[in-house]
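Coordinate inspection notes
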Amino acid sequence: MRRRREPGPEEAPPPWVLRMDPERYREVAEAVLRERPEDTWGAAWAVWKAASLERGAWLREHGINRWAPEHRQVYVSSAAPVRWVMDTFGTPEPERWFG
């Protein structure tokens, strides 16, 4: 069993670990929209996936189990940034979006 360790003061989580910053993954959204200009959902999903992978790597590197009771409320996943894609790139509201 892997030992859990809390990040020390010098290892405080960067802001993008605690809350997704879609602007950080703008190029990911642009790449999807170059191939499929109307695919708001696909661009939002790609941004979410990139953020999730980077965040997961940081948590693993620091030995943090986000599912542990003491971390569940701190390291919460956010939803795919559909509204950000629509507002930033002027894409239409996707059929598959319910929010």
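Residues numbered from 1 in each chain as written. Predicted model: local features only at pLDDT ≥ 70, side-chain atom pairs only at ≥ 80, totals over all residues. Heavy atoms only, no water.

1. Observations concerning the packing of helix α3 (residues 40–61) against helix α4 (residues 82–89)
Orientation of α3 relative to α4, taken along the N-to-C sense of each, is 120°, at an axis distance of 8 Å. For the element pair α3 / α4, the angle class is oblique. In the crossing of α3 with α4, the sense of the turn from one axis to the other is right-handed. Contacts between α3 and α4 involve T40, W41, A43, A44 and V47 on the former and, on the latter, V82, W84, V85 and M86. Split by residue class, the contact of α3 with α4 holds eight nonpolar, one polar and no charged. (Axes fitted to C-alpha atoms, helices over the stretch in contact; angles between N-to-C directions. Helix = DSSP H or I, 4+ residues; strand = E, 2+ residues; numbered from the N terminus. Parallel < 35°, antiparallel > 145°, perpendicular 65-115°, else oblique. Left-handed = near helix turned anticlockwise from the far one by under 90°. Contact = heavy atoms within 4.5 Å. Nonpolar A, V, L, I, M, F, W, Y, C, P; charged D, E, K, R; others polar.)

2. Brief notes about the confidence of the model for the protein
Reading fine detail from the predicted coordinates is not recommended where pLDDT is low. For the protein, the average pLDDT comes to 85, and 86% of its residues sit at 70 or higher. Confidence scores differ between elements of the protein, with helix α1 (residues 15–18) showing the lowest mean pLDDT of 88 and helix α2 (residues 26–35) the highest of 97. (pLDDT = per-residue confidence, 0-100.)

3. Things to note about α4
Considered for burial, the residues of α4 that qualify are V82, W84, V85 and M86. Those residues of α4 hidden inside the fold are in contact with α2 and α3. Where α4 ends, the next residue or the one after it, G90, has phi of about 70°, a positive value. (Buried < 20%, exposed > 50% of the residue type's maximum accessible area, 1.4 Å probe, protein only.)

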